[in-house]
Amino acid sequence: MSQIKTAMVLAAGLGTRMRPLTDERPKALVTVAGRPLIDHVLDRLVAAGIETAVVNVHHFADQMEAHLAGRRDIKILISDERAALLDSGGGIKHARHFLGDDPILIANIDSLWIEGETPALETLKATWNPDAMDLCLLLVRRGHGIGFEGPQGFFMDEAGRLTHSAKPEPPTPYANVGFQILKPQILDGEPDGAFSIVPVWWRLSEQGRLYGAVMDGFWMHVGDPAAREAAEAKLR
């Protein structure tokens with residue numbers, strides 16, 4: 001992972017759950033603790049040694065491009081989705097020409113955390129093993145975060161292999177933080193256009209190539225105004 005220098009930040013969504021805060025700005029520019037979400041994420045990437053961030057844009061794309069032009073500590077490439085939103089998997093595939101063939105880091109825009117003893121991305125880096133894995137998700141234990149509800153999550157076996165589940169019973173012990181390392185080639189066989197990466201998780205799980213790394217910090221999913229307020233209170 002020390003050689004992973006490229007990341008993609010998924011920032012193109014409409015942010016409908018964050019309304020009215022996203023009525024006049026993209027979700028990525030909603031502030032938490034006085035700093036836009038996109039900058040919280042980019043700060044994490046810079047600290048993890050990432051040199052290039054590919055950021056997809058759609059909602060208020062001009063605002064995003066203008067804001068990102070102000071970053072000097074990381075190279076920013078724009079993956080333009082103004083024509084149509086492409087969802088998580090489709091967005092990554094659309095940016096494939098920027099990403100190269102080496103493993104990359106994927107980051108969701110609405111994921112913040114307070115570090116534990118080991119920085120979360122260092123845990124992810126240490127877990128990544130390209131010989132055994134095609135995708136490794138950063139996870140958090142249930143009860144160690146705020147802003148995420150519902151049954152969707154993961155089971156993990158003794159080797160770290162994951163099984164995804166959205167069923168309420170039995171409850172899943174781990175939730176997806178929204179950061180992952182993956183080999184871009186896993187999307188090459190997928191159709192063009194919009195698609196979710198979740199079925200790719202299912203396929204890799206069946207092949208024994210989907211793994212997880214569990215952070216020891218406190219995660220905050222900033223998905224709506226109430227979660228934003230909760231995150232602000234926690235960070236204070």
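Shown above is the structure to which this text applies.
From a predicted model like this one, the values you see are computed outputs, not experimental measurements.

Chemist: Any details on the nonpolar core? Residues and values, ideally.
Modeler: Judged by nonpolar contacts, the single largest core of 49 residues is most densely connected at Val9, Ile38 and Leu45. Of the residues forming this core, the biggest block, five residues, is contributed by helix α1 (residues 37-47). Ignoring sequence-local partners within four residues, the contact set of isoleucine 38 consists of Val9, Ala28, Leu29, Val55, Met64, His67, Leu68 and Ile109. One finds Met8, Leu135, Leu139 and Leu210 within the second-largest nonpolar core, a separate group that totals 25 residues.

Chemist: So what's going on with helix α5 (residues 120-127)? Residues and values would help.
Modeler: Where α5 is concerned, the buried positions are Ala120, Leu121, Thr123, Leu124 and Lys125. Buried residues belonging to α5 abut α1, β6 (104-108), β7 (111-114), β8 (135-141), β12 (174-182) and β13 (210-214).

Chemist: Can you tell me about the pairing of β8, naming the residues and giving the values?
Modeler: For β8, the buried fraction is high: six of the seven residues fall into the buried class. One ladder, built from six bridges, connects β8 with β12; its direction is antiparallel. Bridged to leucine 135 within β12 is leucine 182.

Chemist: Which residues make up the pattern of salt bridges, and what values go with them?
Modeler: Going through the model one piece at a time under the given rule, you end up with 21 salt bridges. For aspartate 39, the salt bridge goes to arginine 71, with nearest N and O atoms at 2.9 Å. Of the two residues, aspartate 39 is situated in helix α1 and arginine 71 in the loop between α2 (61-68) and β5 (75-80); the sequence distance between them amounts to 32 residues. No difference in accessibility class separates aspartate 39 from arginine 71, as the two residues are buried. The shortest N-O distance in the salt bridge between glutamate 115 and arginine 44 comes to 3.0 Å. Of this pair, glutamate 115 sits in the loop between β7 and α5 while arginine 44 sits in helix α1, and the two are 71 residues apart along the sequence. On the basis of relative accessibility, which here comes to 24%, the residue arginine 44 falls in the partly exposed class.

Chemist: Any details on helix α6 (residues 198-206)? Residues and values, ideally.
Modeler: Along α6, the residues classified as buried are Val198, Val200, Trp201 and Leu204. Taken end-on, α6 shows its buried residues confined to a sector of 150 degrees, consistent with a single buried face. Immediately downstream of α6, the backbone of glycine 208 shows phi near 70 degrees, a positive value.

Chemist: Account for unusual backbone geometry, naming residues and giving values.
Modeler: In the segment running from arginine 19 into proline 20, the intervening peptide bond is cis, with an omega of 10 degrees. Its location among the elements puts proline 20 in the loop between β1 (6-10) and β2 (31-32). The residue alanine 33 is not glycine, and still its phi comes out positive at about 55 degrees. Relative to the helices and strands, alanine 33 is located in the loop between β2 and β3 (35-36). The phi torsion at aspartate 87 lies on the positive side, around 65 degrees, for a residue other than glycine. Topologically, aspartate 87 is positioned in helix α3 (residues 87-94).

How each quantity is defined
Residues numbered from 1 in each chain as written. Predicted model: local features only at pLDDT ≥ 70, side-chain atom pairs only at ≥ 80, totals over all residues. Heavy atoms only, no water. Core = buried A, V, L, I, M, F, W, Y, C linked by side-chain atoms within 4.5 Å. Buried < 20%, exposed > 50% of the residue type's maximum accessible area, 1.4 Å probe, protein only. Helix = DSSP H or I, 4+ residues; strand = E, 2+ residues; numbered from the N terminus. Contact = heavy atoms within 4.5 Å. Pairing = 2+ DSSP bridges. Salt bridge = Lys/Arg side-chain N within 4 Å of Asp/Glu carboxyl O. Arc of directions from axis to C-beta.

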